[in-house]
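Here are the chains, one letter per residue:
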Amino acid sequence: MPTRQEVDVLITADHLVTMDETLGVIADGAVAVRDNVIVGVGPQSEILSSFKAPDTYGGKGRAIIPGLVNTHTHAAMTLLRGIADDIPLKAWLEEHIWPAEKRWLDEEFVRDGVRLACLEMLLSGTVAFADMYFFDEVAGEVANEFGMRALLCSGIIDQPTKTTKDADDCLQNAEMLYERFRDDAIVRPAIGAHATYTCSPETLKKTALLARKRGMPITIHLAETRWEVQEIKSRYGKSPVKHLDSIGFLADDIIAAHCVWLEPGDMEILIERGVRVAHCIESNLKLSSGIAPVPRMLKAGIPVSLGTDGAASNNDLDMFGEMRTAALVHKGVCEDPTCMDAYTVLRMATVEGARALGLDGTLSPGARADMVVLDTGGAHMVPVYDICSHIVYSAKASDVDTVMVAGRVLVEDGRMLHTDEAEIIGKAHEWARRIRSNSG
Ligand SMILES: [Zn+2]
């Protein structure tokens, strides 16, 4: 018998969903991981005879999928979860969220909020997220503490904030964030221009210039509401997409969140420039912003991933919920059950999200070892005819059993291995007590 190669970890499962076009779904599959990279993927008979490891995970009644990627969120806003619900976006922002942030936002708020977000995301199978908020260096420290991948988009906005007096201040923060995390293994610095209605053309041009000089991706809220489209048209005589294109802002380094209200010709510009879209269906539904024409975007070839947006407008960071809502809503809107099938939606939550963040998103040899093991034995998960359909339509965040990021197991048996969950949850209650007592 040939000698087996030593690896760090072997993971086995009844269903191995590689999301790799050649490898597909492997029944009774296994993955071998050495350092932080996948070195073997295939049937268990093959992998277990080629590799041996001191640690094994998974087993019967399990499925392995690539880690989920949340391409648009504001992680620290978990502390404002449910603070103001059932009101329109503009009033929600201007009368509730911005005043609460003005009063409470500081390093401690961001640290505790991002910790809660990382806890919630990891326990629900998310391995990487694109974040846009304030005190990004604190968010980066937390992501490192958890071992979770993050694209930290340093916030750019014209109006004064708790940490900045104008957009130039914001740009300086973005430079500092770049210097701090440029060589980080787990965190990637980026820029988050808030929106076309909160950033002047001058600010947006400076943002694009800095981003491209440093090779940082840019995220922006784009065409989220009808109000935004009308406002930008009245200011500049163009749709938000055309306005951004006219100032040279759009390119393949842009992750545009929302894109609900696209005007004729906008989609062609997004394709031409290679812009990626982060679809945030639950946030758009909850704030009644509208429903983005995602099936049309996909048909046109626009890369679309999924984002939860902040917990204050969702109200959770659960990508399983996001997948299911996206898959169901568009079918209803299009009156066509074929417009976004389960595999397409799972692809949006894995491969497309990973690519937007500069990662692989598949389980294939050479890819980064970011994966999730699901328990498929629950009453709501059996029997299994089509595992991809199950993941989108039946699975719940609570089915997440094991989460590995960069070859390191962070969640086992549905519990955090290196984190004090109770302490983080206790802090969240403390913040709510403080915030409530002040505003009540
Ligand atoms: Zn957002």
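Residues numbered from 1 in each chain as written. Predicted model: local features only at pLDDT ≥ 70, side-chain atom pairs only at ≥ 80, totals over all residues. Heavy atoms only, no water.

This brings us to the domain arrangement of the chain. We note that the domain assignment places domain 1 (5-66 + 363-406) and domain 2 (68-356) within the chain. Summarising the inter-unit geometry, the C-alpha centres of domain 1 and domain 2 are found 29 Å apart. Taken residue by residue, the interface counts 23 residues in domain 1 and 25 residues in domain 2. Together, Met-19, Val-392 and Tyr-393 form the three largest contributors to the area buried by domain 1 at its contact with domain 2, with a combined 36%. (Domains from an automatic or database assignment. Contact = heavy atoms within 4.5 Å. Buried area = accessible area lost by both parts, 1.4 Å probe.)

Below, the discussion takes up the packing of aromatic side chains. Counted according to the given criterion, the structure contains four aromatic pairs. Ring plane angle 90° and centroid distance 6.4 Å describe the contact between Trp-104 and Trp-431, whose orientation is recorded as edge-to-face. Of this pair, Trp-104 sits in helix α2 (residues 89-104) while Trp-431 is found in helix α15 (residues 421-439), placing the two residues 327 residues apart along the sequence. Each member of the pair Trp-104 and Trp-431 is classed as buried. Geometrically, the ring pair formed by Phe-109 and Trp-431 is edge-to-face, given 5.2 Å between the ring centres and 80° between the ring planes. Of this pair, Phe-109 sits in helix α3 (residues 107-123) while Trp-431 sits in helix α15, and the two are 322 residues apart along the sequence. Taken as a pair, Phe-109 and Trp-431 share a single burial class, namely buried. One aromatic cluster is present, formed by Trp-104, Phe-109 and Trp-431 through successive ring pairs. Arg-103 extends its terminal NZ or CZ atom over the ring of Trp-104, reaching a point 4.0 Å from the ring centre. The residue whose ring lies beneath Arg-434 is Trp-431, and the NZ or CZ to ring-centre distance is 4.1 Å. (Phe/Tyr/Trp six-rings, centres within 6.5 Å; stacked < 30°, edge-to-face > 60°. Helix = DSSP H or I, 4+ residues; strand = E, 2+ residues; numbered from the N terminus. Buried < 20%, exposed > 50% of the residue type's maximum accessible area, 1.4 Å probe, protein only. Lys NZ or Arg CZ within 6 Å of the ring centre and 35° of its normal.)

On inspection of all chains with the given rule, the structure shows four cavities of 30 Å³ or more. For the largest cavity, the calculated volume is near 100 Å³. Forming the walls of the largest cavity are 13 residues, and the residues nearest its centre are Ala-354, Asp-360, Gly-361, Arg-368 and Asp-370. Tallied by class, the residues present in the lining of the largest cavity amount to seven nonpolar, three polar and three charged. (1 Å grid on protein atoms, 1.4 Å probe; cavity = no way out; pocket = protein on both sides within 12 Å on 5 of 7 lines; lining within 4 Å. Points joined across faces, edges and corners; volume = space filled by probe spheres on them. Nonpolar A, V, L, I, M, F, W, Y, C, P; charged D, E, K, R; others polar.)

In this section: the coordination of the zinc ion. Distances from the zinc ion to its protein donors, His-72 (NE2), His-74 (NE2), His-221 (NE2) and Asp-309 (OD), fall at 2.1 to 2.3 Å. For the zinc ion, the four donor atoms in the first shell make angles of 85 to 173° at the metal, a pattern classed as irregular. Sequence positions of the residues that donate to the zinc ion give the spacing H-x1-H-x146-H-x87-D. The two residues His-72 and His-74 agree in class, both being buried. (Donors = N, O, S within 2.8 Å, 3.2 Å for Na, K, Ca; no water. Tetrahedral: all angles 85-135°; square planar, octahedral: opposite > 155°, others 65-115°.)

Right, let's get into α3. If you check α3, its first and last C-alpha atoms are 24 Å apart, about what 17 residues at 1.5 Å a residue would give, namely 24 Å. α3 sits mainly inside the fold: 13 of its 17 residues count as buried. Of the residues that open α3, the one with a side-chain oxygen 3.1 Å from the backbone nitrogen of Glu-108 is Asp-106. Where α3 terminates, the next one or two residues include Gly-125, which has phi positive at roughly 85°. (Expected span 1.5 Å × (residues − 1). Polar contact = N/O pair within 3.5 Å; in protein donor to acceptor, adjacent residues only side chain to side chain.)

With eight of eight residues buried, strand β8 (residues 126-133) is to be regarded as a mostly interior element. Where strand β7 (residues 68-73) lies against β8, four bridges are found, and the strand directions are parallel. Paired with Thr-73 across the bridge in β8 is Asp-131. Bridge count between β8 and strand β9 (residues 149-156): six bridges; the pairing is parallel. Residue pairing for β9: Met-132 is matched across the bridge by Cys-153. (Pairing = 2+ DSSP bridges.)

Turning to a nonpolar patch on the surface, a few remarks are in order. On the surface, Leu-285, Ile-291 and Val-333 cluster together into a nonpolar patch covering about 220 Å² of accessible area. Relative to the assigned elements, Ile-291 resides in the loop between α10 (281-286) and α11 (294-300). (Patch = residues over 30% accessible without salt bridge, like charges linked within 9 Å, V, L, I, M, F, W, Y side chains within 5 Å. Areas by Shrake-Rupley, 256 points an atom, 1.4 Å probe, with all protein chains shown as cover. Salt bridge = Lys/Arg side-chain N within 4 Å of Asp/Glu carboxyl O.)

Turning next to the pattern of salt bridges. Side-chain pairs of opposite charge can arise where the charged atoms are in close proximity. Under the counting rule described, the total for this entry stands at 28 salt bridges. Residue Arg-347 pairs with Glu-21 through a salt bridge whose shortest N-O separation is 3.7 Å. Pair noted here: Arg-347 is in helix α13 (residues 342-356) and Glu-21 is in the loop between β2 (9-17) and β3 (25-34), with a separation of 326 residues, a long-range link. Put simply, Asp-253 and Arg-212 hold a salt bridge, and the shortest N to O gap is 2.9 Å. Of this pair, Asp-253 sits in the loop between α8 (240-246) and β12 (254-258) while Arg-212 sits in helix α6 (residues 201-214); the two residues are 41 residues apart in sequence, bridging distant segments of the chain. Taking the relative accessible area as the measure of exposure, Asp-253 reaches 18% and is therefore buried.

Here we come to the sheet that holds β7. Pairing is parallel in the open sheet, where eight strands are placed in the order β7-β8-β9-β10-β11-β12-β13-β14. The two strands at the open ends of the sheet, each matched to only one other strand, are β7 and β14 (304-306). Recorded for the sheet is a direction-independent mean angle of 25° between the axes of neighbouring strands. Direction of pairing for β9 relative to strand β10 (residues 187-195): parallel, over a ladder of seven bridges. Its bridge partner lying in β10, Ile-156 is registered against Ala-193. In the packing of helix α5 (residues 167-181) onto the sheet, contacts are made with β9 and β10, and the angle to β9 comes to roughly 160°. (Axes fitted to C-alpha atoms, helices over the stretch in contact; angles between N-to-C directions.)

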